[in-house]
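Next come the chains, spelled out residue by residue.
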Amino acid sequence: MMKNTMLKLMLIFMCSYMSMLGCDSKQPVKIGFIAGMSGRVADLGIAGLDAVQMLIEKENREGGINGHRIQLIIKDDRHDPEVARQAATQLINEGVSAIIGPMTSQMGMSIMPILNKHRMLCVAPTVSTQKLFGLDDYFFRVLPSVRTNTLVSADYQIKSGNMTRAAAIYDVGNRSYTGSWLENFEEFFVKGGGKIISVIPYNTKENNPFEDIANQTLSLDINGILIIANSMDSALLCQQIRKKNKTIYITLADWGATEQLLEFGGKAVEGVTVVQTFDREAPSPAYQTFRKAYMEQLGREPGFPGVNAYDAAHVVITALKRQKKGEDLKKTVLSIRRFEGLQGPLIFSDYGDMTRPNAFMSIVKNRKFILPE
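A few points about the environment of Asp-80
So, step 1. Structurally, the position occupied by Asp-80 is in the loop between strand 2 (70–76) and helix 3 (81–93).
So, step 2. On the basis of relative accessibility, which here comes to 24%, the residue Asp-80 falls in the partly exposed class.
So, step 3. For the pair Asp-80 and Ser-38, spaced 42 residues apart in sequence, the C-alpha separation works out to 11 Å.
So, step 4. Not counting residues within four places of it along the chain, the set of residues in contact with Asp-80 comprises Met-107 and Lys-205.

Description of the packing of helix 2 (residues 42–61) against helix 10 (residues 285–298)
So, step 1. It is the contact of helix 2 with helix 10, at a shortest axis distance of 11 Å, that shows an interaxial angle of 110°. With respect to their mutual orientation, helix 2 and helix 10 come out roughly perpendicular. Residues Ala-47, Asp-50, Ala-51, Met-54 and Glu-57 of helix 2 form the contact with helix 10, whose own contacting residues are Phe-290, Ala-293, Tyr-294, Gln-297 and Leu-298.
So, step 2. For the contact of helix 2 with helix 10, the per-class residue count stands at seven nonpolar, one polar and two charged.

Here's the deal with unusual backbone geometry
So, step 1. Here Gly-101 and Pro-102 are connected by a cis peptide whose omega angle stands at -10°.
So, step 2. With a phi close to 50°, Asn-66 is a non-glycine residue in the positive phi region.
So, step 3. With respect to the element layout, Asn-66 can be found in the loop between helix 2 and strand 2.
So, step 4. Notably, Arg-367 is not glycine yet its phi reads approximately 60°, a positive angle.

Considering the packing of aromatic side chains
So, step 1. The tally for this structure, following the rule as stated, stands at nine aromatic pairs.
So, step 2. Residues Trp-181 and Phe-185 carry aromatic rings whose centres are separated by 5.7 Å and whose planes lie at 20° to one another, so their mutual orientation is stacked. With Trp-181 and Phe-185 both in helix 6 (residues 175–191) and four residues apart, this pair spans about one turn of that helix.
So, step 3. When its relative accessible area of 0% is taken as the criterion, Phe-185 is described as buried.
So, step 4. Considering the side-chain rings of Phe-339 and Phe-348, the 5.8 Å spacing of their centres and the 80° angle between planes classify their relative orientation as edge-to-face.
So, step 5. Judged by relative accessible area, Phe-339 falls into the buried class, the value being 2%.

Concerning empty space enclosed by the protein
So, step 1. Counted by the stated rule, this structure contains two cavities of 30 Å³ or more.
So, step 2. Considered as a void within the structure, the largest cavity measures approximately 170 Å³ in volume.
So, step 3. Lining the largest cavity are 19 residues; nearest its centre among them are Thr-126, Leu-143, Asp-254, Trp-255 and Phe-304.
So, step 4. Secondary structure elements with two or more residues in the lining of the largest cavity: strand 10 (273–276) and helix 11 (303–322).
So, step 5. Here the residues of the lining of the largest cavity are counted per class, giving nine nonpolar, nine polar and one charged.
So, step 6. There is about 40 Å³ of room inside the second largest cavity.
So, step 7. Lining the second largest cavity we find Ser-128, Thr-129, Phe-133, Arg-141, Leu-143, Pro-144, Ser-145, Asp-353 and Met-354.
So, step 8. Along the lines of polarity and charge, the residues of the lining of the second largest cavity split into four nonpolar, three polar and two charged.

Focus: the environment of Val-142
So, step 1. As for its position among the elements, Val-142 is in the loop between strand 5 (139–141) and helix 5 (146–160).
So, step 2. For the pair formed by Val-142 and Gly-341, sequence separation is 199 residues and the distance between their alpha carbons is 9.1 Å.

Section: the confidence of the model for the protein chain
So, step 1. On average, residues of the protein chain score 92 in pLDDT, and 93% of them are at 70 or above.
So, step 2. Residue range residues 1–24 is modelled with pLDDT below 50. Its contacts to residues more than four positions away, or to other chains, number zero contacts.

Description of the layout of surface pockets
So, step 1. Reported here for the largest pocket is a volume of approximately 340 Å³.
So, step 2. As for the largest pocket, its lining consists of 16 residues, and the residues nearest its centre are Arg-280, Glu-281, Lys-368, Phe-369 and Ile-370.
So, step 3. Looking at the lining of the largest pocket element by element, the count peaks at three residues for strand 14 (residues 368–370).

Re the pairing of strand 9 (residues 249–252)
So, step 1. Both faces of strand 9 are covered, namely the face carrying Tyr-249 and Thr-251 and the face carrying Ile-250 and Leu-252.
So, step 2. The sheet contact formed by strand 8 (residues 224–228) and strand 9 spans four bridges and is parallel. The residue of strand 9 that forms the bridge with Gly-224 is Tyr-249.
So, step 3. Handedness of the crossover joining strand 8 and strand 9 through helix 8 (residues 231–244): right-handed.
So, step 4. Where strand 9 and strand 10 come together, two bridges link them in parallel fashion.

Procedures and definitions
- Within each chain, residues carry numbers counting from 1 in the order of the written sequence.
- Residue-level local features of this predicted model are given only where pLDDT is at least 70; pairs of side-chain atoms are given and counted only at 80 or more, and the full residue set underlies all totals for whole chains, interfaces and linings.
- Side-chain calculation: all heavy atoms of the structure are included, whereas hydrogens and water are not.
- Helix and strand assignments come from DSSP, with helices taken as H or I runs of at least 4 residues and strands as E runs of at least 2, each series counted from the N terminus.
- Note on exposure labels: buried denotes an accessible area under 20% of the residue type's maximum, exposed denotes more than 50%, and partly exposed covers the range between, all computed with a 1.4 Å probe on protein chains only.
- Contact criterion: two residues are considered in contact whenever any of their non-hydrogen atoms come within 4.5 Å of each other.
- To define axes, lines are fitted to C-alpha atoms, for helices over the stretch in contact only, and angles between the resulting N-to-C directions are given on a 0 to 180 degree scale.
- In this scheme, roughly parallel covers angles under 35 degrees and roughly antiparallel covers those over 145, while 65 to 115 is roughly perpendicular and the rest are oblique.
- Residue type decides the class: Asp, Glu, Lys and Arg count as charged, Ala, Val, Leu, Ile, Met, Phe, Trp, Tyr, Cys and Pro as nonpolar, and the leftover types, Gly among them, as polar.
- The rule is short: rings of Phe, Tyr and Trp, with Trp giving its six-membered ring, pair when the centres are within 6.5 Å, and they are stacked under 30 degrees, edge-to-face over 60, tilted in between.
- A cavity, in this analysis, means grid points on a 1 Å lattice covering only the protein atoms where a 1.4 Å probe fits yet has no way out; a pocket is instead an open set bounded by protein on both sides within 12 Å along at least five of seven lines, and a residue lines either one if it has an atom within 4 Å of a point.
- Grid points are joined across faces, edges and corners, and a volume is the space filled by probe spheres set on the points.
- Summary of the metric used: pLDDT quantifies the predictor's per-residue confidence within the range 0 to 100.
- Each pair of strands is called paired provided DSSP finds at least two bridges between the two strands.
- With the strands pointing away from the viewer, any crossover whose connection runs clockwise from the first strand over the helix to the second is right-handed.

So, in structure tokens, the structure goes:
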């Protein structure tokens, strides 16, 4: 009799335990987001976060990931490598299934060893350093490497004749990107017959006066200036250069091509050329629907940070929906391989690299990025 009672109690306990597990199975799916959301690169992080949150809200309205609500855990890396590493570790410890971000190459390089150690898939919206190209790692990107853009920019400068003797100004605070950009641009530029007369590094953390940088640059025997920097710094450098020289040719790397350039640069960035892979007037219905919703909700353009962050989040969420039990999420992404982005297909290589052959030059006119004539 006693044995039967004990058996019944054990069965009741087991049923209750299994019921609790069933409740646990409806726990939210946690996704991490890392980006610089303060300081001079905040325009990337804020636009990216807004876009990711929009997608997650939409997915949750439609049932989340296989019935599980998506919970976004947000970390500000403050564009500091040590803070970024701490943020990545914290997200992993908090049980995220994947990470979206960061938004700059220097932060991507800093967290990659942590991602690999924990086999944590990370999809970065706006990281493009060549140093991460061709590596079998857990750091995937929805942008092609800088080599794509530098080839288009260098070719344009040579063929147009706008710039043959150039000085390059670059921000060493994001050296993984800026140094990689400069190295690849110089290779193509010199092959085409151009020459880099001088390279002028600066670091915003050291408060280098942009007026001094402009004076140093304009003292050189050059007919053009290449600026590899974030949009705010690019705008401020253009202002200082234009105070001294109204006509010298200026071109920018794609990092500078956010709406913040137009906002802070004003007349000083009129006529400046910028290489891009992002088309603000793309006819894609998916992009136009997103753009309209983003502008209605936030009152501003998403720009390339918003669009790329949305694409990165779409990759992560799609993979999590398709992931088989016990399967490594990296393997899931590579088994899908092709994802539909807002402005076209996203196709990953075996190494998580992206190729987009649609880089093009733009020119700033009337506070808009347009195609050169």
